[in-house]
Amino acid sequence: MARNEEKAQSMLNRYVAHEAEQKKKPKERRPFLASECRDLAEADKWRQQIMREIGRKVAEIQNEGLGEHRLRDLNDEINKLIREKSHWERRIVELGGPNYAKHAPKMTDLEGNIVDVPNPSGRGPGYRYFGAAKKLPGVRELFEKPPELRKRRTRYDIYKRIDASYYGYRDDEDGVLERVEGPAEEKMRAEVLEEWNRVEEVRREAKKAVKSGEVVSVAKEVLFEGMEEEVEEEERKEREKLEKEEMEREGRREFVVHVPLPDDKEIEKMVLEKKKRELLSMYVSEGLLEEQTEAKAMLNIQR
């Protein structure tokens, strides 16, 4: 008995479900082309449907365990839906509705920074990456900023900013440098002039003391200052002058060599030849030396 009741209940359930389906309107499919829609409310409804599909797929693509191929497929499907959504948004604007594209979200990198969407074709929104797809091989490099390379300045760039002011040629144009350095320059000139006068006075007194043969304190100061070399040079010149005058009075002349004297290289060559001859005489017989001499004479070898 219970079995028949179950059957009847099952039949009743199927009938009720069938009646409910009959009362429902047939399920509408989204038009393939947005331009086929003529109603603004319908266009907004299809846009909302696409937004829900994008939301579901974006939530699914956050799972990194789906695998590389599934993540790439999901990312392609999301981009396809985004392109379709842009078509419906343009159609809504054409039908007099609001412009949703103006307030569209921006694309971000792994750190949440807004980046430009790569769009090599130049048409519509570029290709985007979502969730775990941003960490796929070859995709992570797109979001990494290249290191900033500091450009090395060339010699032209360095000298381009160098003018007369760099070398200090215009330092005295404003007059400030002259007012500051004027008193200091006069003081330095006075000190240098005073020192020069003192040294000249000491030098004159030292010369007088040396010529007269007297040893005074002034001469000691000159020697301390390093003037003894100059005094010795003058004495040497005077001795040479006296010797020359004495030779002229006696009628003697300086010895002049009229034969060219060998220089260091020629002397070294002569010593080397002598050593060669000594070695040959020690290790080579006289007969061999005579044969070598005859051969050189026949060949006109002067070595």
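Everything below is about the structure shown above.
Residues numbered from 1 in each chain as written. Predicted model: local features only at pLDDT ≥ 70, side-chain atom pairs only at ≥ 80, totals over all residues. Heavy atoms only, no water.

Caption draft 1: The arrangement of the overall build of the protein in detail. Counting its secondary structure elements, the protein contains 10 helices and zero strands. Listing every helix and strand of the protein by position from the N terminus yields α-α-α-α-α-α-α-α-α-α. Relative to its full complement of 303 residues, the protein shows a buried share of 16%. Look at the contacts in the protein between residues 6 or more apart in sequence, and 54% of them connect residues 24 or more apart. On the protein, roughly 26700 Å² of surface is accessible, and the fraction owed to carbon and sulfur atoms is 53%. (Helix = DSSP H or I, 4+ residues; strand = E, 2+ residues; numbered from the N terminus. Buried < 20%, exposed > 50% of the residue type's maximum accessible area, 1.4 Å probe, protein only. Contact = heavy atoms within 4.5 Å. Areas by Shrake-Rupley, 256 points an atom, 1.4 Å probe, with all protein chains shown as cover.)

Caption draft 2: Molecular detail of the side chain of N75. On the secondary structure map, N75 appears in helix α3 (residues 68-94). If near-sequence neighbours (up to four positions away) are discounted, N75 is found in contact with I61, Y127, R128, Y129, F130 and A133.

Caption draft 3: Local environment of a nonpolar patch on the surface. A grouping of I158, Y159, Y166, Y167 and Y169 is seen on the molecular surface, where their side chains present a nonpolar patch of about 630 Å² in accessible area. Looking at where I158 falls in the secondary structure, it is placed in helix α5 (residues 155-160). (Patch = residues over 30% accessible without salt bridge, like charges linked within 9 Å, V, L, I, M, F, W, Y side chains within 5 Å. Salt bridge = Lys/Arg side-chain N within 4 Å of Asp/Glu carboxyl O.)

Caption draft 4: Spatial organisation of α3. For α3, spanning 27 residues, the distance from its first C-alpha to its last is 39 Å, which sits close to the expected 39 Å at 1.5 Å a residue. Two residues or fewer past α3, G96 is found with a positive phi of approximately 95°. (Expected span 1.5 Å × (residues − 1).)

Caption draft 5: Structural detail: the pattern of salt bridges. Tallied over the entire structure, the rule returns 15 salt bridges. Note that E53 and R30 form a salt bridge whose closest N and O atoms lie 3.4 Å from each other. One end of the pair, E53, is in helix α2 (residues 40-60); the other, R30, is in the loop between α1 (2-23) and α2, with 23 residues separating them in the sequence. Among the residues examined, R30 registers a relative accessible area of 22% and is labelled partly exposed. Ionic pairing is found between R70 and E60, a salt bridge with its closest N-O pair at 3.2 Å. With R70 in helix α3 and E60 in helix α2, this pair connects stretches of sequence that are 10 residues apart. Look at E60 and you get partly exposed, because its relative accessible area is 34%.

Caption draft 6: Summary view of the nonpolar core. Among the nonpolar cores identified, the biggest contains 20 residues, and I54, I61, I78 and W88 are the most heavily contacted of them. Where this core is concerned, the elements lending two or more residues are α2 and α3. Looking at this core element by element, the count peaks at seven residues for α3. If sequence neighbours within four positions are ignored, I78 has contacts with I54, K57, V58, I61 and F130. (Core = buried A, V, L, I, M, F, W, Y, C linked by side-chain atoms within 4.5 Å.)

Caption draft 7: Region of the structure containing the packing of aromatic side chains. Summed over all chains, the structure comprises two aromatic pairs. Taking 5.2 Å as the distance between ring centres and 90° as the angle between the ring planes, the aromatic pair formed by Y166 and Y167 counts as edge-to-face. Lying over the aromatic face of Y100, R47 brings its terminal NZ or CZ to 3.8 Å of the ring centre. (Phe/Tyr/Trp six-rings, centres within 6.5 Å; stacked < 30°, edge-to-face > 60°. Lys NZ or Arg CZ within 6 Å of the ring centre and 35° of its normal.)

Caption draft 8: A look at the packing of α2 against α3. As a packed pair, α2 and α3 sit with axes 9 Å apart at the nearest point and diverge in direction by 160°. Viewed along their axes, α2 and α3 adopt a mutual orientation that is roughly antiparallel. For the pair α2 and α3, the crossing hand works out as left-handed. In this structure, α2 contributes L40, A43, D44, W46, R47, I50, M51, E53, I54, K57, V58 and E60 to the contact, and α3 contributes R70, L74, E77, I78, L81, I82, E84, K85, W88, E89 and I92. (Axes fitted to C-alpha atoms, helices over the stretch in contact; angles between N-to-C directions. Parallel < 35°, antiparallel > 145°, perpendicular 65-115°, else oblique. Left-handed = near helix turned anticlockwise from the far one by under 90°.)

Caption draft 9: Quick look at a negative patch on the surface. Together, D171, D172, E173, D174, E178 and E181 make up a region of like negative charge exposed at the surface. Mapping D174 onto the fold places it in the loop between α5 and α6 (176-212). (Lys, Arg positive; Asp, Glu negative; His and termini not counted. Charge placed at Lys NZ, Arg CZ, Asp CG, Glu CD.)

Keep in mind these numbers describe shape, not what the thing actually does.
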